[in-house]
Amino acid sequence: PSARCRSVFSPQASVAIQNARHLHMATTDPLTGLSNQKHFHQRLMEEFYRSIRHGQPLSLLMLHLDHFDEINTKLGNVASDQMLKKLGRQIAAGMRIHDLAARYNSESFAILLPATPGPGAIVVAEKLQEKVSQTIYRIGKKSAKLSATIGISSAQKKMQKPMDLLRSADEALQKALEEIGR
């Protein structure tokens, strides 16, 4: 390319790269590399209404790390952060390209599964729960294991808003936590 061509496109490419970096920073949890809660809520709204419009299934998993506060106290913040980073990579590796995994709060994650009916969501949840519980997290000379409780909900015709699906998944999670005595 000519020098004139490079001089026109170079600033545009630089701006495009900066914009992409800013978008990534605005939508990503810096610790886990998963989407942040704000981005999750945006995609939940989009996928919920797409599901209704096209009559496609949509499921949501709410994953809670069991006893994570105790692990954090025992091993410290640096170690628990390392565990969360590894967990984020594990969750992301198990997702399809159109799924969305997000850190919902300090010890909870939301996994949005478009085009996935309830039975498929159960399979995903079981695989994820098994992967989490079988992983040994090594931090220096220490090691720890995690376990997770997962609430599952699928969009239903009676649901009017995206928050109905979120509320249903959260209620399923709370019920599961009660069953295990948490």
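Please refer to the structure placed before this passage.
Rules behind the numbers
- Residues numbered from 1 in each chain as written.
- Predicted model: local features only at pLDDT ≥ 70, side-chain atom pairs only at ≥ 80, totals over all residues.
- Heavy atoms only, no water.
- Pairing = 2+ DSSP bridges.
- Helix = DSSP H or I, 4+ residues; strand = E, 2+ residues; numbered from the N terminus.
- Expected span 1.5 Å × (residues − 1).
- Buried < 20%, exposed > 50% of the residue type's maximum accessible area, 1.4 Å probe, protein only.
- Arc of directions from axis to C-beta.
- Contact = heavy atoms within 4.5 Å.
- Patch = residues over 30% accessible without salt bridge, like charges linked within 9 Å, V, L, I, M, F, W, Y side chains within 5 Å.
- Areas by Shrake-Rupley, 256 points an atom, 1.4 Å probe, with all protein chains shown as cover.
- Salt bridge = Lys/Arg side-chain N within 4 Å of Asp/Glu carboxyl O.
- Axes fitted to C-alpha atoms, helices over the stretch in contact; angles between N-to-C directions.
- Phe/Tyr/Trp six-rings, centres within 6.5 Å; stacked < 30°, edge-to-face > 60°.
- Lys NZ or Arg CZ within 6 Å of the ring centre and 35° of its normal.
- Lys, Arg positive; Asp, Glu negative; His and termini not counted.
- Charge placed at Lys NZ, Arg CZ, Asp CG, Glu CD.
- Core = buried A, V, L, I, M, F, W, Y, C linked by side-chain atoms within 4.5 Å.

Points about the pairing of strand S5 (residues 142-145)
With four bridges connecting them, strand S4 (residues 136-139) and S5 associate as antiparallel partners. Paired with Arg 138 across the strands is Ser 143, a residue of S5. In this antiparallel pair of consecutive strands, S4 and S5, the connection spans two residues, and Gly 140 shows a positive phi of 60°.

Digging into helix H5 (residues 118-134)
With 17 residues, H5 extends 24 Å from end C-alpha to end C-alpha; this agrees with the ideal 24 Å at 1.5 Å per step. Buried within H5 are the following residues: Ala 121, Ala 125, Leu 128 and Val 132. The buried residues of H5 occupy one face: seen down the axis, they fall within an arc of 70°. For H5, the exposed residues lying more than 90 degrees away from the buried face are Pro 119, Lys 127 and Gln 134. On its buried face, H5 is in contact with strand S1 (58-65), helix H4 (77-93), strand S3 (108-114), S4 and strand S6 (148-154).

Describing a nonpolar patch on the surface
A contiguous nonpolar surface patch, about 280 Å² in accessible area, is contributed by Met 45, Tyr 49 and Ile 52. Considering the arrangement of structural elements, one finds Met 45 in helix H2 (residues 37-54).

Some remarks on the sheet that holds S6
The strand order across the open sheet formed by four strands is S2-S3-S1-S6, and the pairing between neighbours is antiparallel. In this open sheet, the two strands that pair with only one neighbour each are strand S2 (100-105) and S6. Pairs of neighbouring strands in the sheet enclose a mean axial angle of 20°, with direction left out of account. Across the sheet, H2 is in contact with S1, S2 and S3; its angle to S2 comes to roughly 130°.

Topic: the packing of aromatic side chains
Following the criterion strictly, the structure yields two aromatic pairs and no others. With 5.4 Å between their ring centres and 80° between their planes, Phe 48 and Tyr 49 make a pair best called edge-to-face. For Lys 86, the ring lying beneath its charged end belongs to Tyr 137, and the centroid distance is 5.5 Å.

Observations concerning the pattern of salt bridges
For the structure on display, the rule yields five salt bridges. Between Arg 43 and Glu 47 there is a salt bridge whose closest N-O contact spans 3.2 Å. Separated by four residues within a single helix, Arg 43 and Glu 47 lie in helix H2, roughly one turn from each other. For the pair Arg 43 and Glu 47, a shared accessibility class is recorded, and that class is buried. A salt bridge links Asp 99 to Arg 96, with the nearest nitrogen and oxygen atoms 2.7 Å apart. By relative accessible area, which is 35% here, Arg 96 ends up partly exposed.

Details of a positive patch on the surface
A surface patch of like charges, here positive, comprises Lys 85, Lys 86, Arg 89 and Arg 138. By residue number, the principal contributor to the positive patch is H4, which donates three residues. Here Arg 89 is to be found in helix H4. Judged by its relative accessible area of 54%, Arg 89 is exposed.

Observations regarding the nonpolar core
Grouped together as the largest cluster of nonpolar side chains are 28 residues, with contacts concentrated most on Leu 65, Met 83, Leu 87, Ile 91, Phe 109, Ile 111 and Leu 146. Mapped onto this core, the elements with two or more residues apiece are S1, helix H3 (68-75), H4, S3, H5, S4 and S6. Once residues lying within four places of it in the same chain are set aside, the contact partners of Ile 111 are Ser 59, Leu 60, Leu 61, Ile 91, Met 95, Leu 100, Ala 101 and Leu 128. Met 62, Leu 100, Ala 102 and Ala 110 belong to the second largest nonpolar core, which has 17 residues in total.

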